[in-house]
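These are the residues of each chain, in order.
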Amino acid sequence: MNSYGLFMILLATYILILVAIGWYFTKKQKSVTDFWLAGRRINFVAIGCSAAASWMTAGGILAVVGLYMLLGMGSIWSFVAPNILALLLIALLVGKIKHLPAITQPELLEQRYSSSIRGPVALIIVVVMILFAVADIKGFALVLEIFFGLPPVYAAAIVALAVSVYVTLGGLSAVIWTDVIQFLFLAGFAFAMALAVTGSATSSDMTASISTSELLSNVPEGWWNPFSIGILAVMIFIFAIIPGWITEQDPWQRVWAAKDEKSARNGMILGSFLIFLVFGVACTIIAIGLNHIYPDIQISFGEIGMGAMAQAEPALLVYIFDHFSPLLIGLAGVGLAAAAMSSTDTFATSGGSCLSRDIYQRYIKPDATMKEMLVINRVSVLIIVVGATIGSFYIDGIIDAIHIATFIASAAYFFPLMGGLYWKRATKEGALAGLVVGFVAQVSLTVIDLVNTPAFSPSYLDSIHPVLSNHGVIAGMALSGIAFFVVSLATKPSETVNLAPFFKDAAMKLEERIVVDEADPQYKKMRKVLTEEITGDRAHLHLIVEASTEVNWNKFVKNITSKYHEWVTPAGFDSVYRLTKSDMLACVSVTRGQTEKEIWLESEPIVKEVDLYRKEMFIAYNEVSEILKEMGAVVTIS
C-alpha cells in the first residue's frame, strides 16, 4: 500500500479516537459552563498539555524550523520566546482572573465597564481566532502537498470536518483531553524527527561523517546567540507580540476551566516548559541537522534573504519524503495533522464562545434556555471553522497570519483588558476609545504595510523606522494606550457594581451580614435538594427552581433587580448576580434552566466558606421565589 493509503487509514483511526472522546463528553454537557469551561474541573497536567498543544501548530513547527535554519537562535523572539514567556506571565495573573465568573473575555469586560464594549471585543476576538486557525490549516496544507501532492482544499476539509465533529460534541472538555493525546503525539513526532535528522546528518552517507557534538557546534558564527538580531529588535518583538498573547482568550479559558487556582497556575508553567521542550530543544536539533543535509538553503539565504524561507519552511517535510518508508510518511502526516487539529479546536472554541455567549445570548436572545444554548454553541464552533477554511485560501504566510492576528489583538484590547483589571480609574469610555483607536490604527497600518511591500523585500514600514516593524504594532498600541488613559481620566469613574468584582475595597461597600435560622423547615428542605460538589479549592452549589408556568425571563430580571438592590446584571440579562461579596464567583447567580419553566441558582465558594454560601443560597432562593409568586407562578425546588 502506498503512503497516501496508509496515511488515510491511520488518520481515520486517529480521528475516530478523537470523535469517541467528544461523544463521551457530550453526555456531560448540561450548561454553558460545562460546554465552554469543562465544568471548571480540569487538573494541572491536562491544562499544561492543552496550553502547549494549542500553541504548537503544524505550520508553527515548520516555520520555527525554517527560521532556525536561516537566522539561528536570534529568530526565537518572533515566535518561540513569546509563546514560552506569555504562558509564564499568565501564570502570574492567575490569582487575579481565576475568581472572576466569566466564560469569555468580552463578558469580563462588560462586568468591568459596560455592555457597549462587549460586542466590539467579541467580534475582534472572532476575527483573531479565525486568523490563528488559518495558520493551522495552511501548515497542514503544506504537509499534504509535499507528501501526497494534494491541493490545499484537502487540508481544509480534513481539519474542518474532524474538529467540527469532536468539538461540537464535547466542547472544551473534548478539546482539552484530545489536546493531551495530540500533544503526546506531537512531542513524540518532534523528538523522533530530531533523532532521525541527527542520524542522517552524522551518517557516513554524507560527504564527511561527523559526531553529534561536531554537528551541533558546526553552525555559522553567532547562530547560538539569541540577541544576534540586536537588543532593539528583541524589545520590539517582545512589546509587539507578548501583550497580544497574554491577553489571548484561549489560555484565559483554560485558567477558568482549571479546578482551582493552583492547578491553573501550575498548568500554565507546565505548558511553558512543554513548549520549550518541543520548540526550544527538538526543533533546534532538527534545524541544525537539516542545514547540514541541505546546505544550499543557507546559500540561498545569503543571496535572496528571507526569500529562502520558501525552501526552509518545508525542508523537514522534504526530508521525511526523501528518507522515510510509506508507513513512516503516513505516521508523520498524522503527527502533523494532530498539531493542526490541536490548535484549530482551541481557536474554534475560543471564537465560538464569543459568537454564542457574547453575541447571540447577550444581544439576540438573552432568555435562551440551556438546551437552546447547547445547540447555538455547536453552530458557533462550525462558523469559526468554516471562516478559517475560507480564509486559508486567501492568506499565504503561516507566521504572517499568526502575527497579523496577534498585532490586532495587542493594539485593540490589551490596554482595555489589563487596565481594567489593575487600574480603578479606567472607564467604559476610555476602554471603548482604546479599543476602537487601536483596532482601526492597527488594521490600517497592516494594510499600508502589505500593499506597499514587494515580494521577498523588507517591509515598507520597517524601512521607514525600526519601531514601525511588525506592521507598526508598537505605534498601534501606543495610540490605543493614549486614547485609553486620556479618555478615562476625562470621564466619570466607574460605578461600584462594576468595580466590586475586581477590587476588594470597592466590594466591601456591598457586603452584608447574613442571618439564617438553620432550624427553619424551609432551609432544611432546600439543603436536601441543594446539589454540592467539591472540585479543588471550591465547591459547586446548584439549585433548580421550577415554576408552574413559563417564566417571562426579561420581566423576571427587571422585577428582581428593581425590588432587591443586591441583584445586578453586570454582564447582560442572561445572568443575574446577588452581588454581596468581593468574590464574585462565589456570589449566587441565576440563569435560565433547561426549559422555559426552570431557573438555576448557582454558587462557587471556596470550600471553607460553603456553610456561609448555603445560607446565601437560601436567601437568594427566597427572593427569587417571591418574585415568581408575584408573577403568578407556584414555585418548587428540585
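The model shown is predicted, which means the values in this text are computed figures rather than measured ones. (Residues numbered from 1 in each chain as written. Predicted model: local features only at pLDDT ≥ 70, side-chain atom pairs only at ≥ 80, totals over all residues. Heavy atoms only, no water.)

Let's talk about the environment of Leu336
Formally: Starting at the N terminus, helices and strands are each numbered in turn, a helix being any DSSP run of H or I of at least four residues and a strand any DSSP run of E of at least two. Residues are treated as being in contact if the distance between any of their heavy atoms lies within 4.5 Å.
Relative to the elements of secondary structure, Leu336 occurs in helix H16 (residues 326–364). Leu336 sits 275 residues away from Ile61 along the chain, and the two C-alpha atoms are 8.8 Å apart. Filtering out sequence-adjacent residues up to four positions away, Leu336 remains in contact with Ala58, Phe140, Val143, Phe189 and Leu317.

A look at the pairing of strand E4 (residues 575–578)
Here is the rule we go by: Relative accessibility thresholds used throughout: buried, under 20% of the residue-type maximum; exposed, over 50%; partly exposed, between the two (1.4 Å probe, protein chains only). By this definition, two strands are paired if DSSP reports at least two bridges between them.
Burial along E4 is two-sided: Ser575 and Tyr577 and Val576 and Arg578, pointing in opposite directions, are all buried. Alignment of strand E3 (residues 567–568) against E4, held across two bridges, turns out to be antiparallel. Along E4, the bridge assignment pairs Val568 with Tyr577. By the bridge criterion, three bridges tie E4 to strand E5 (residues 589–592) in an arrangement that is antiparallel. Bridge assignment links Tyr577 to a residue of E5, and that residue is Ser589.

Overview of the pairing of strand E6 (residues 598–603)
Within E6, five of the six residues are buried, which leaves the element mostly enclosed by the surrounding structure. With six bridges connecting them, strand E2 (residues 538–547) and E6 associate as antiparallel partners. By the bridge assignment, Val545 is partnered in E6 with Ile599. Of the pairings in the sheet, the one linking E5 to E6 comprises four bridges and is antiparallel in character. Following the sheet pairing, Arg592 is matched in E6 by Ile599. In this antiparallel pair of consecutive strands, E5 and E6, the connection spans five residues.

Quick look at helix H4 (residues 58–71)
Under the convention used in this document: Expected helix span is computed as 1.5 Å times (number of residues minus one).
The terminal C-alpha atoms of H4 lie 20 Å apart, and with 14 residues this matches the ideal 20 Å at 1.5 Å per residue to within 8%. Of all the 14 residues making up H4, 13 are buried; the element is thus mostly covered by neighbouring parts of the structure.

Things to note about the packing of helix H8 (residues 152–202) against helix H12 (residues 261–293)
Test applied: The axes used here are C-alpha line fits, helices contributing only the stretch in contact, and every angle between their N-to-C directions lies in the interval 0 to 180 degrees. Working rule for angles: under 35 degrees goes down as roughly parallel, over 145 as roughly antiparallel, 65 to 115 as roughly perpendicular, anything else as oblique. For a crossing to be left-handed, the near helix must be turned anticlockwise from the far one by less than a right angle; the clockwise case is right-handed. Only Asp, Glu, Lys and Arg are considered charged, only Ala, Val, Leu, Ile, Met, Phe, Trp, Tyr, Cys and Pro nonpolar, and every remaining residue, Gly among them, polar.
Where H8 contacts H12, the axes come no closer than 8 Å and their chain directions differ by 25°. When the interaxial angle is binned, H8 and H12 end up roughly parallel. The chirality of how H8 crosses H12 is left-handed. Contacts between H8 and H12 pair Phe183, Ala187, Ala190, Phe191, Met193, Ala194, Val197, Thr198, Ser200 and Ala201 from the former with Leu274, Leu277, Val278, Val281, Ala282, Ile285, Ile286, Gly289, Leu290, His292 and Ile293 from the latter. Considering only residue class, the contact of H8 with H12 consists of 17 nonpolar, four polar and no charged.

Comments concerning the pattern of salt bridges
Selection criterion: Counted as salt bridges are all cases of a side-chain nitrogen of Lys or Arg within 4 Å of a carboxyl oxygen of Asp or Glu.
Scanning the model with the defined rule gives 22 salt bridges in all. Put simply, Arg614 and Glu532 hold a salt bridge, and the shortest N to O gap is 2.7 Å. One end of the pair, Arg614, is in helix H26 (residues 610–630); the other, Glu532, is in strand E1 (residues 531–535), with 82 residues separating them in the sequence. With its nearest N and O atoms 2.6 Å apart, the salt bridge here joins Arg578 to Glu616. Highlighted residues: Arg578 in strand E4 and Glu616 in helix H26, separated in sequence by 38 residues. Since its relative accessible area comes to 2%, Arg578 is described here as buried. The network of salt bridges with common partners includes Glu518, Glu532, Asp611, Arg614 and Lys615.

Some details on unusual backbone geometry
Even without being glycine, Ala38 reaches a positive phi, approximately 55°. Residue position: Ala38 is located in the loop between helix H2 (32–37) and helix H3 (44–54). A positive phi angle, close to 55°, is found at Arg40, a residue other than glycine. Within the secondary structure, Arg40 sits in the loop between H2 and H3.

Considering a nonpolar patch on the surface
This is how it is decided: Patch membership is restricted to residues that have no salt bridge and whose relative accessible area is over 30%. Joining uses 9 Å for like charges and 5 Å for the nonpolar side chains Val, Leu, Ile, Met, Phe, Trp and Tyr. Throughout, the Shrake-Rupley method with a 1.4 Å probe supplies accessible areas, and for residues the shown protein chains are the sole cover considered.
Among the surface-exposed residues, Tyr4, Met8, Val153, Tyr154, Val386, Ile390, Phe393 and Tyr394 lie close enough to one another that they form a single nonpolar patch of about 790 Å² accessible area. For the nonpolar patch, the secondary-structure elements that each account for two or more residues are helix H1 (3–26), H8 and helix H17 (370–391). Take Tyr154: it is sitting in helix H8. A relative accessible area of 38% places Tyr154 in the partly exposed class.

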